Amino acid sequence: MSQVAFPQVASSQITFPRIIDARVDVELSADGDPRAFIWNRFEHTVIGQPQAVFSRTSWWENDGVPTRIDTELWRLDASRGGEEQHRYDLRHDVDGSWVLALDWG
């Protein structure tokens, strides 16, 4: 039996997201995509096309009837002023509010 060789990845190359979980104000484009958000008093402008990602919640583990089965997330790259861009995950909650969930660095 032959073995498959996988490339080695140094631990310094592995990126883990930083959990933020902060409410933010989001400005939407005409298409409904996030184009900017305010975090810690600073505007972060979205660069490129944000990607909508939906994750299924374990609604059956909660009491009562679910109001929403999928969680709406937006993965995007954004920059504050002329600073280096970061990748972020924005969550759009059932009540219409937006939460900056993760900073991927």
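Description of the structure in this document.

### Points about the sheet that holds strand E3 (residues 42–56)
Phase 1: Spatially, E1-E2-E3-E4-E5-E6 is the arrangement adopted by the 6 strands of the closed barrel, whose pairing is antiparallel. Across this sheet, the average inter-strand angle for adjacent strands is 45 degrees, counted without regard to direction.
Phase 2: In the sheet, strand E2 (residues 34–39) pairs with E3 via 4 bridges, with the strands oriented antiparallel. Considered in E3, the bridge of Ile38 is made with Glu43.

### Concerning the nonpolar core
Phase 1: Counting residues in hydrophobic clusters, the biggest one holds 13 residues, and the most contacted among them are Val24, Phe37, Trp39, Leu76, Tyr88, Leu90 and Leu100.
Phase 2: Broken down by secondary-structure element, the contributors of at least two residues to this core are strand E1 (18–28), E2, strand E4 (70–80), strand E5 (86–92) and strand E6 (98–103).
Phase 3: The contacts of Tyr88, once residues within four sequence positions are left out, are Phe37, Trp39, His44, Trp74, Arg75, Leu76, Ala78, Leu100, Leu102, Asp103 and Trp104.

### Some details on the environment of Phe37
Phase 1: Looking at the element boundaries, Phe37 is found in strand E2.
Phase 2: Put simply, Phe37 and Asp25 are 12 residues apart on the chain and 5.5 Å apart in space, counted from C-alpha to C-alpha.
Phase 3: Apart from the residues lying within four places of it in its own chain, the contact partners of Phe37 are Val24, Asp25, Val26, Phe42, Glu43, His44, Leu76, Ala78, Tyr88, Leu90 and Leu100.

### Here we look at the packing of aromatic side chains
Phase 1: Scanning all chains against the criterion turns up 2 aromatic pairs.
Phase 2: Seen from their ring centres, Phe37 and Tyr88 are 5.3 Å apart, and the 80 degrees between their planes marks the pair as edge-to-face. Of this pair, Phe37 sits in strand E2 while Tyr88 sits in strand E5, placing them 51 residues apart in sequence.
Phase 3: Ring centres of Trp39 and Tyr88 lie 6.1 Å apart, and the angle between their planes is 75 degrees; on these two criteria the pair is classed as edge-to-face. Of this pair, Trp39 sits in strand E2 while Tyr88 sits in strand E5, placing them 49 residues apart in sequence. Comparing Trp39 with Tyr88, the two get one shared label, buried.

### Thoughts on the side chain of Asp89
Phase 1: Within the secondary structure, Asp89 sits in strand E5.
Phase 2: Ignoring sequence-local partners within four residues, the contact set of Asp89 consists of Trp74, Arg75, Val99, Leu100, Ala101, Leu102 and Trp104.

### Here we look at unusual backbone geometry
Phase 1: One non-glycine residue, Asp21, adopts positive backbone phi at about 50 degrees.
Phase 2: With respect to the element layout, Asp21 can be found in strand E1.
Phase 3: Positive phi, normally seen in glycine, also occurs at Arg41, with a value near 70 degrees.
Phase 4: Within the secondary structure, Arg41 is located in the loop between E2 and E3.

### A short note on the pattern of salt bridges
Once their charged atoms are close, side chains differing in charge can pair, the charge on each being opposite to the other.
Phase 1: For the structure shown, the criterion picks out 8 salt bridges.
Phase 2: Of the charged contacts in the structure, one is a salt bridge between Arg91 and Asp21, with a shortest N-O distance of 3.5 Å. A residue pair is termed long-range when its members are at least 10 positions apart, and Arg91 in strand E5 and Asp21 in strand E1 qualify at 70 residues.
Phase 3: What makes Arg91 partly exposed here is its relative accessible area of 23%.
Phase 4: One salt bridge connects Arg80 with Glu83, and the closest N-O pair in it is separated by 2.9 Å.

Here is what the cut-offs are and how they apply
- Residues numbered from 1 in each chain as written.
- Predicted model: local features only at pLDDT ≥ 70, side-chain atom pairs only at ≥ 80, totals over all residues.
- Heavy atoms only, no water.
- Pairing = 2+ DSSP bridges.
- Helix = DSSP H or I, 4+ residues; strand = E, 2+ residues; numbered from the N terminus.
- Axes fitted to C-alpha atoms, helices over the stretch in contact; angles between N-to-C directions.
- Core = buried A, V, L, I, M, F, W, Y, C linked by side-chain atoms within 4.5 Å.
- Buried < 20%, exposed > 50% of the residue type's maximum accessible area, 1.4 Å probe, protein only.
- Contact = heavy atoms within 4.5 Å.
- Phe/Tyr/Trp six-rings, centres within 6.5 Å; stacked < 30°, edge-to-face > 60°.
- Salt bridge = Lys/Arg side-chain N within 4 Å of Asp/Glu carboxyl O.

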